Amino acid sequence: MPARPAGPTVLVTGASSGIGEAAARRFAAAGAHVLLHGRDRARLAALAAETGGTPLDADLAEPGAAAGLAERATAVTGRVDVLVSNAGLGWAGPLPDLPGAELERLVAVNLTAPLELTRTLLPGMLARGQGRIVFVTSIAGRTGVAGEAVYAATKSGLDAFADSLRYELHGTGVDVGVVVPGVVRTAFFDRRGTPYTRTTPRPVPADRAAAAVLRAAARPGDYYVPRWLRLPVALRGAVPGVYRALATKFGASS
Ligand SMILES: NC(=O)c1ccc[n+]([C@@H]2O[C@H](COP(=O)([O-])OP(=O)(O)OC[C@H]3O[C@@H](n4cnc5c(N)ncnc54)[C@H](OP(=O)(O)O)[C@@H]3O)[C@@H](O)[C@H]2O)c1
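Residues numbered from 1 in each chain as written. Predicted model: local features only at pLDDT ≥ 70, side-chain atom pairs only at ≥ 80, totals over all residues. Heavy atoms only, no water.

As annotated in an unreviewed UniProt entry, the protein carries the name Short-chain dehydrogenase and comes from Amycolatopsis saalfeldensis. Its UniProt record, at the heading Sequence similarities (unreviewed entry), says of the protein: "Belongs to the short-chain dehydrogenases/reductases (SDR) family." (UniProt positions renumbered as here; feature names shortened; annotations may be inferred.)

S.K.: Hey, could you run me through the UniProt feature "domain: Ketoreductase" (unreviewed entry) in the protein in this one?
M.R.: UniProt tags residues 8-183 as "domain: Ketoreductase" (unreviewed entry). End-to-end, the C-alpha atoms of residues 8-183 are 29 Å apart, and along that stretch the chain is 51% helix and 18% strand. (Helix = DSSP H or I, 4+ residues; strand = E, 2+ residues; numbered from the N terminus.)

S.K.: I would appreciate a short explanation of the nonpolar core in the present structure.
M.R.: Most often, soluble globular proteins have nonpolar side chains that are buried together. With 39 residues, the main nonpolar core has Leu11, Leu60, Leu83, Leu117, Leu121, Ile133 and Phe135 as its most contacted residues. Sorting the residues of this core by element identifies helix H3 (65-77), helix H4 (100-128), strand S5 (131-136), helix H6 (149-168) and strand S6 (174-181) as the ones contributing at least two each. The biggest single contributor to this core is H4, with eight residues. In contact with Ile133, not counting residues within four places along its chain, are Leu83, Thr118, Leu122, Met125, Val174, Asp175, Val176 and Gly177. Ala206, Val213, Ala217 and Val225 belong to the second largest nonpolar core, which has 31 residues in total. (Core = buried A, V, L, I, M, F, W, Y, C linked by side-chain atoms within 4.5 Å. Buried < 20%, exposed > 50% of the residue type's maximum accessible area, 1.4 Å probe, protein only. Contact = heavy atoms within 4.5 Å.)

S.K.: Explain the packing of aromatic side chains to me, please; I cannot follow it from the model alone.
M.R.: The relative placement of two aromatic rings is captured by the distance of their centres and the angle of their planes. Inspection of every chain in the model, using the stated rule, returns four aromatic pairs. Considering the side-chain rings of Tyr151 and Phe188, the 5.6 Å spacing of their centres and the 55 degrees angle between planes classify their relative orientation as tilted. One end of the pair, Tyr151, is in helix H6; the other, Phe188, is in helix H7 (residues 188-192), and 37 residues separate them in sequence. Owing to a relative accessible area of 7%, Tyr151 belongs among the buried residues under this scheme. Summarising the aromatic geometry, the rings of Phe189 and Tyr196 are spaced 5.5 Å apart at their centres and angled 45 degrees between planes, so their arrangement reads as tilted. Here the two residues Phe189 and Tyr196 agree in accessibility, since each one is buried. In textbook terms, an aromatic cluster arises when at least three aromatic residues are bridged by ring pairs, as seen for Tyr151, Phe188, Phe189 and Tyr196. (Phe/Tyr/Trp six-rings, centres within 6.5 Å; stacked < 30°, edge-to-face > 60°.)

S.K.: Before we go on, may I ask you to explain the site of the ligand in this structure?
M.R.: Close to the ligand lie 33 residues; Ser16, Ser17, Tyr151, Thr186 and Arg191 are nearest. Between Ser16 and the ligand, the recorded distance is 2.6 Å, taken from a side-chain N or O atom to an oxygen atom. Here an oxygen atom of the ligand and a backbone polar atom of Val184 are 2.7 Å apart. Protein contacts shield 98% of the accessible area of the ligand, which totals 890 Å² for the unbound molecule. In terms of residue count, the dominant contributor to the shell around the ligand is H7 (three residues). Partitioning the shell around the ligand into residue classes produces 15 nonpolar, 12 polar and six charged. (Near = heavy atom within 4 Å. Polar contact = N/O pair within 3.5 Å; in protein donor to acceptor, adjacent residues only side chain to side chain. Areas by Shrake-Rupley, 256 points an atom, 1.4 Å probe, with all protein chains shown as cover. Nonpolar A, V, L, I, M, F, W, Y, C, P; charged D, E, K, R; others polar.)

S.K.: Even after reading the chapter, I still don't get unusual backbone geometry, so can you show me in this structure?
M.R.: Going from Thr200 to Pro201, the amide bond is cis rather than trans, its omega being -5 degrees. With respect to the secondary-structure elements, Pro201 resides in the loop between H7 and strand S8 (204-205).

S.K.: Looking at this structure, how should I read the pattern of salt bridges?
M.R.: Any two side chains of opposite charge can pair, on the condition that their charged atoms come close. Under the criterion given, the structure shown has 12 salt bridges. The closest approach of N and O atoms between Arg25 and Glu21, which form a salt bridge, is 3.1 Å. Of this pair, Arg25 and Glu21 both sit in helix H1 (residues 18-29), four residues apart, which is roughly one turn of that helix. For Arg142, the salt bridge is made with Asp159, and the minimal N-O distance between the two is 2.8 Å. Here the residue Arg142 occupies a position in helix H5 (residues 139-143), and Asp159 occupies one in helix H6, the gap between them amounting to 17 residues. As far as burial versus exposure is concerned, Arg142 and Asp159 are alike and both buried. Shared partners join several salt bridges into a network, and the residues in it are Arg142, Asp159, Asp163, Arg166 and Asp222. (Salt bridge = Lys/Arg side-chain N within 4 Å of Asp/Glu carboxyl O.)

Given below as structure tokens:
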């Protein structure tokens, strides 16, 4: 049996870049043993050397990869106390231009993998009577965004999953937090091949989103980054017709 570290064991998916990398650094600084997931082995190795964490590479677009990752993660210290389901990718453009294989990749990485990771890690958390699951979703999943229908659908699906789980897990000692970023300064936009050109919301540093991830793990709930993004979501909930008219006029695209 591996030696039990003093702090919690935290699995961060997508720790090789952006929000996940910054969150992994923060968890390590707070005394956690961090399981660093991604695909870029060189970046994971460098972060592992810096944080004392354990690199775990897996392509979450591959069938069965999430369950395999959960198994390997659990083997490192014998438990995963906190799952930060953050790995994800975007795609922007008119829906008919989205290749079918890319649609499948978006759904596999952004939606199926977090669901499967949660399903696989949850029994251990329930048996111990404690655990935290944090999902990094997106404002796109709460408001809808033109040109990002499939991306928004994956994030919206994750939101519905998180909400449903919260009810299911009430009283078990396992709880769910959600981080809802607006626009964060990471490689996300270069990677999706479409730059972010709007002026609002203004991009925030990755570390600001990472701080929200740690807050969501400590006190489960919904954390918008930046916080004012809860206002358009509240407006859409209260008066959807007014919200849609405004979004259509001023452009709900990124
Ligand atoms: N940046 C934003 O404005 C923004 C806004 C709202 C929500 N988000 C969400 O925040 C999360 C983190 O994004 P980010 O901004 O930090 O972007 P990022 O810098 O591009 O990081 C994405 C991470 O996801 C991993 N990943 C991507 N595809 C993967 C795959 N097939 N298998 C395994 N890992 C994969 C990447 O691993 P490798 O680098 O090793 O491939 C990387 O670690 C995503 O879920 C994204 O949807 C971002």
